[in-house]
Amino acid sequence: MTNGPYERRSIFSGLLLILLGALFLVARFNPDFHLWHVFWRFSPLLLILWGVAKLIDNFAAQRSGQLRPPLLNGGEAALLVLIVFVLGGMAIYSKIREKNPDLSIDMSMFNQESSQSHELPAKSIPAGSHVTIETSRGNVNVHAGDGTELRVNASETAHASNESTAEHIVKDVQIAIDKTPDGYLVHPINQDVAHASISVDFEVTVPKSSTVTIHTGHGDVNVADVVGALTVSSVQGDIEIHDCGSDVSAALTKGDVRITNAKGNVHVTGKGNEVEVTGVAGDATVNGEFFGPIRVRDVGKTTHYQSQKADLVLVHLTGLLELDSRSVEISDVGGLANLATQNKDIEVENVAGKLNIADTNGSVKVGYAQPPKENISIANDSGEVDLTLPSESTFEISAISKSGEVQSDFDNPSLVSSSDNGTGKLVGKVGASGPKINIVTSYGTININKSS
Amino acid sequence: MTDAIRTHCGCAYCKVRGLMGPVMIITIGVLFLAAEYSRYSFADLWPIILIVAGIILVAQSFASKDGHIGS
């Protein structure tokens, strides 16, 4: 019981917690942000934070006449050890997640469940009707049958904090098929109640010619063989669609999308993890922020990918487009290819039409199996550029590396290579006539290789 | 001996320190509510708990211990 000088509490642990919380939040909302990666790279910042915190402690202690806290007390040391463990755990968890993407750890207060199922009488509906299916929680499976009937099977599961509530609530859930101006709306009644969560899964068979719209909150959607136009939106859950006769559009905010064989245009928007689109007769458009990988194969018309950091247009992709947060790989494009990206390593092979690449902070590798017939333009900022052409290629080249060199396997009297003030240049022609090749990078080597 | 005395200590440091428990509980409650009624899940929002705890710790270190009773 003295009023002598007390030891202050250090602000280090508080600052550390704030920093950590902010990092976790950013990591959560920005899929490109890899926490342990950043933490590892910037771990010296921890030392700086420590020093600054101690400095502030010192000044504050002097001003108020209290004793300054020790350099690192027991509590802070324990906190640091804890953080190392948590980050290590998260790194391991993310590795496991990469291997088994379906694994999910759900935190839920409602752990008592009760379920029932309804089979609604089959209903004959006119050809070309628009069928809409809605559930705020639950999986939806739709496939097209040969008849003219709309068949709906629903199973409802209520989760509540105790069993009798769950039973009571699930009994109130009904399934309705309402007539709308152009078709039918299938939806549950009394699904959204307080103090319980009810999922209603649908198993629906529609006539082949129907156009189908599906909205689900939390749940997976699976659609097959629908001939009419298809629209799927999901807040959280995976979407899988195959063999569709018309346009397909999918919107989601969390989950994976897999679309196989569509005879119309395919449109994927939103946020999520993996996107896989294979076999599209029309255009394939992917718009949004997907964690990746994004794979697109075999698109008849134009493939368009747009996100904050990349904008790609590929006409008639017969090979593969694979894209993740770090890299873009493209092979076999029948028409023109336009790529504008940031911070990605790019690998492109065999583009029949014009090729335009604009990138920053990444390496660019371009290869051709046949001599190029259309112009090639590559602009990079801080990164090397590698162009590999068959030895019989003819072209007119201008390659400039502002702070780097240009190396070429092609040597021809009309090719002039120069280097002044660190700027490497290669200008000239190979063969009598050929497409123009324009390469510019600010830092990095440009390699023009001959393939054997 | 200290428990009874500590609860009576009215210095700024002990006041802020006493805030920690209730504020944490309130934060967690608010987050669970927000997770139910907004498009963000608890898994999105939990780092806010760290930030709030950090803010209180910092406030604690700036609070004066003048008039502190007890050990």
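Everything numeric in this text was worked out from a predicted model, so none of it was measured. (Residues numbered from 1 in each chain as written. Chains lettered and ligands numbered in written order. Predicted model: local features only at pLDDT ≥ 70, side-chain atom pairs only at ≥ 80, totals over all residues. Heavy atoms only, no water.)

1. Let's talk about the overall build of chain B
Counting secondary structure elements, chain B contains four helices and zero strands. Along chain B, helices (α) and strands (β) appear in the sequence α-α-α-α when read from the amino end. The contacts of chain B with a sequence gap of at least 6 include a subset with a gap of at least 24, amounting to 69%. (Helix = DSSP H or I, 4+ residues; strand = E, 2+ residues; numbered from the N terminus. Contact = heavy atoms within 4.5 Å.)

2. Observations regarding the side chain of Glu156 of chain A
Residues and elements named next belong to chain A. Secondary-structure assignment places Glu156 in strand S5 (residues 149-160). For Glu156, the side chain forms a polar contact with the side chain of Gln116, separated by 2.8 Å. Glu156 has contacts with Ser114, Ser115, Gln116, Ser117, His118, Val170, Val173, Ile175, Ser199 and Val200, leaving out every residue within four places of it along the chain. (Polar contact = N/O pair within 3.5 Å; in protein donor to acceptor, adjacent residues only side chain to side chain.)

3. Considerations on the pairing of strand S14 (residues 257-262) of chain A
All names here are of chain A. Taken together, the five bridges between strand S12 (residues 239-244) and S14 define a ladder with parallel strand orientation. Along S14, the bridge assignment pairs His242 with Thr260. Relative to strand S16 (residues 275-280), S14 runs parallel, the two sharing five bridges. Looking at the pairing, Ile259 lines up with Val277 of S16. (Pairing = 2+ DSSP bridges.)

4. A closer look at the environment of His218 of chain A
All names here are of chain A. Structurally, His218 can be placed in strand S9 (residues 211-218). According to the relative accessible area criterion, His218 is partly exposed, its value standing at 35%. Distance in space between the C-alpha atoms of His218 and Lys254 is 9.3 Å, their sequence separation being 36 residues. With residues near it in sequence (within four places) discarded, His218 still touches Ser136, Arg137, Gly138 and Gln236. (Buried < 20%, exposed > 50% of the residue type's maximum accessible area, 1.4 Å probe, protein only.)

5. Concerning the pairing of strand S4 (residues 140-145) of chain A
Residue and element names in this part refer to chain A. Relative to strand S8 (residues 197-207), S4 is paired through six bridges, and the arrangement is parallel. Paired with Gly145 across the two strands is Pro207, which belongs to S8. Where S4 and strand S10 (residues 221-224) come together, four bridges link them in parallel fashion. Along S10, the bridge assignment pairs Val142 with Val223.

6. A word on the confidence of the model for chain B
All names here are of chain B. The pLDDT averaged across chain B works out to 78; a share of 85% of its residues lies at or above 70. Mean pLDDT across the elements of chain B ranges from a minimum in helix H1 (residues 2-8), with 50, to a maximum in helix H4 (residues 47-62), with 88. The model gives residues 1-6 a pLDDT under 50, and that stretch makes four contacts with residues more than four places away or in other chains. Model confidence for the complex is summarised by a pTM of 0.65, with the ipTM given as 0.74. (pLDDT = per-residue confidence, 0-100.)

7. Describing the interface of chain B and chain A
Contacts between the two partners involve 26 residues from chain B, matched on the other side by 27 residues from chain A. Both sides of the chain B and chain A interface together cover about 2300 Å² of buried area, and 69% of this is carbon and sulfur. Taken together, the connections running from chain B to chain A amount to zero salt bridges. On the surface where chain B and chain A come into contact, there are zero residue pairs in polar contact (both at pLDDT 80 or more). Contributing elements (two or more residues each) for the side of chain B that touches chain A: helix H3 (42-45) and H4 of chain B. A per-element tally of the side of chain B that touches chain A places H4 of chain B first, with twelve residues. Taken together, the residues of the side of chain B that touches chain A sort by class into 15 nonpolar, eight polar and three charged. (Buried area = accessible area lost by both parts, 1.4 Å probe. Salt bridge = Lys/Arg side-chain N within 4 Å of Asp/Glu carboxyl O. Nonpolar A, V, L, I, M, F, W, Y, C, P; charged D, E, K, R; others polar.)

8. A closer look at the nonpolar core
Ranked by size, the top nonpolar core spans 90 residues in total, and within it Val142, Leu150, Phe202, Leu339 and Leu355 of chain A carry the most contacts. For this core, the element with the highest residue contribution is strand S19 (residues 310-323) of chain A, accounting for six residues. Look past the residues within four positions of Leu150 of chain A in its chain and what remains in contact with it is Pro121, Ala122, Lys123, Ile125, Val131, Ile177, Tyr184, Val186, Val204, Thr205 and Val206 of chain A. With 27 residues, the next largest nonpolar core counts Ile11 of chain A together with Cys11, Phe42 and Leu50 of chain B among its residues. (Core = buried A, V, L, I, M, F, W, Y, C linked by side-chain atoms within 4.5 Å.)

9. Some thoughts on the environment of His118 of chain A
Residue and element names in this part refer to chain A. Looking at where His118 falls in the secondary structure, it is placed in strand S1 (residues 112-119). Put simply, His118 and Asn153 are 35 residues apart on the chain and 5.8 Å apart in space, counted from C-alpha to C-alpha. Residues in contact with His118, not counting those within four places in the same chain, are Val152, Asn153, Ala154, Glu156, Val173, Gln174 and Ile175. At a separation of 2.7 Å, a polar atom in the side chain of His118 contacts the side chain of Glu156.

10. Topic: the side chain of Ser210 of chain A
Residues and elements named next belong to chain A. Tracing the backbone through its elements, the reader meets Ser210 in the loop between S8 and S9. Ser210 gets classed as buried once you look at its relative accessible area, which sits at 0%. At 2.8 Å, the side chain of Ser210 and the backbone oxygen of Pro207 are in polar contact. With sequence-adjacent residues up to four places away left out, Ser210 is seen in contact with Ile125, Gly128, Ser129, Val131, Val226 and Gly228.

11. Comments concerning the packing of aromatic side chains
The description of an aromatic ring pair rests on the distance of the ring centres and on the angle between the ring planes. Evaluation of the coordinates by the stated rule reveals four aromatic pairs over all chains. Summarising the aromatic geometry, the rings of Phe24 of chain A and Trp46 of chain B are spaced 4.7 Å apart at their centres and angled 50° between planes, so their arrangement reads as tilted. Remark: Trp46 of chain B occurs in the loop between H3 and H4 and Phe24 of chain A occurs in helix H1 (residues 12-29); the pair is interchain, linking two chains. The exposure class assigned to Phe24 of chain A is buried, which follows from its relative accessible area of 5%. What makes Trp46 of chain B partly exposed here is its relative accessible area of 30%. On the numbers, 4.4 Å between centres and 5° between planes, the contact of Phe32 of chain B with Phe42 of chain B is stacked. Here Phe42 of chain B lies in helix H3 and Phe32 of chain B lies in helix H2 (residues 12-37), a separation of ten residues in the sequence. The ring of Tyr184 of chain A has Lys179 of chain A sitting right over it, with the charged end atom 4.9 Å from the ring centre. A cation over a ring is seen here: Lys450 of chain A above Phe410 of chain A, with NZ or CZ 5.2 Å from the ring centre. (Phe/Tyr/Trp six-rings, centres within 6.5 Å; stacked < 30°, edge-to-face > 60°. Lys NZ or Arg CZ within 6 Å of the ring centre and 35° of its normal.)

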